[in-house]
Amino acid sequence: MKSIVIYNSQTGFTKQYAQWVSEDAGCECVSLKEAGKINLADYDAIVFGSWILAGSIKNIKWFKKQMMSLSQSGKKLIVFAVGASPAESSEVSAEMEKVFSEEEKKFVKLFYCPGGLNFDKMNWLSRTMMKMLGKALASKKDATEDDKKKAEMISHSYDLSDKKYIEPIVAEL
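No experiment lies behind these values; they were computed from the predicted model shown.

Description of the environment of Y7
The residue Y7 is located in strand β1 (residues 3–7) in this model. Separated by 42 residues in the primary sequence, Y7 and G49 place their C-alpha atoms 4.6 Å from one another.

Some points on the packing of aromatic side chains
In total, this model carries three aromatic pairs according to the counting rule given. Taking the centre distance of 5.3 Å and the plane angle of 85° together, the rings of Y17 and W20 count as edge-to-face. Residue Y17 and its partner W20 are located together in helix α1 (residues 13–25), separated by three residues, close to a single helical turn. Note on Y17: relative accessible area 0%, which makes it buried. Ring geometry for F48 against F63: centres 5.4 Å apart, planes inclined by 15°, an arrangement best described as stacked. Residue F48 is found in strand β3 (residues 45–53), and its partner F63 is found in helix α3 (residues 60–72); the two are separated by 15 residues along the sequence. The pair formed by F48 and F63 is uniform in burial state, with each residue classed as buried. Connected via pairs of aromatic rings, a cluster forms that spans F48, W62 and F63. In this structure, K2 is placed above the aromatic ring of Y43, and the distance from its NZ or CZ to the ring centre is 4.8 Å. Over the ring of F119 we find K131, and its NZ or CZ is 5.1 Å from the ring centre.

Structural notes on the confidence of the model for the protein
Residue-level pLDDT values for the protein average 91, and 100% of them are 70 or greater. Here helix α6 (residues 145–153) stands out as the element of the protein with the lowest mean pLDDT, 82, in contrast to α1, whose mean of 98 is the highest.

Re the environment of Y165
By the secondary structure assignment, Y165 is in the loop between β8 (158–159) and α7 (167–172). Among all residues touching Y165, those that are not within four sequence positions of it are Y17, A87, C113, P114 and L160.

With respect to a nonpolar patch on the surface
Taken together, the side chains of W124, L125 and M129 make up a nonpolar region of the molecular surface, amounting to roughly 350 Å² of accessible area. With respect to the helices, strands and loops of the structure, L125 is situated in helix α5 (residues 124–138).

Quick notes on the rules
Residues numbered from 1 in each chain as written. Predicted model: local features only at pLDDT ≥ 70, side-chain atom pairs only at ≥ 80, totals over all residues. Heavy atoms only, no water. Helix = DSSP H or I, 4+ residues; strand = E, 2+ residues; numbered from the N terminus. Phe/Tyr/Trp six-rings, centres within 6.5 Å; stacked < 30°, edge-to-face > 60°. Buried < 20%, exposed > 50% of the residue type's maximum accessible area, 1.4 Å probe, protein only. Lys NZ or Arg CZ within 6 Å of the ring centre and 35° of its normal. pLDDT = per-residue confidence, 0-100. Contact = heavy atoms within 4.5 Å. Patch = residues over 30% accessible without salt bridge, like charges linked within 9 Å, V, L, I, M, F, W, Y side chains within 5 Å. Areas by Shrake-Rupley, 256 points an atom, 1.4 Å probe, with all protein chains shown as cover. Salt bridge = Lys/Arg side-chain N within 4 Å of Asp/Glu carboxyl O.

Now the structure itself:
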């Protein structure tokens, strides 16, 4: 089966996961910027990985555009989203549930991989948004324990990535 992993990464977590999937599955790996030069019809399986910002997967519209024609030709389609939340967070499953419609879920598999935050590699806007969110959570009058943990967590860079999270993706391939 000829497969490709296409990734969109801002701070490196998604790129790392894409490389791990590519290595374990023995397939090609390219950035989204390079994907325009590739004929996706030449592949049996297409994996798209990107990062989450404010509950949305960056560039998912690009993938969904490709997805419609690819699904009709029987391609295996997989998406993995990389976020700053731990995999067991209740917010993760709620966010993932909204990415694809019930119809789209029939031909695309979605996975979540925890990444982290790297303030040194973030652009100004992302860095500012994360710091504002941290301050808002920390100063919340009726903050829950979860809010307090999240505020502490996002106040600095951290890395939750682990190769074990690619196992179901590679198995699906």
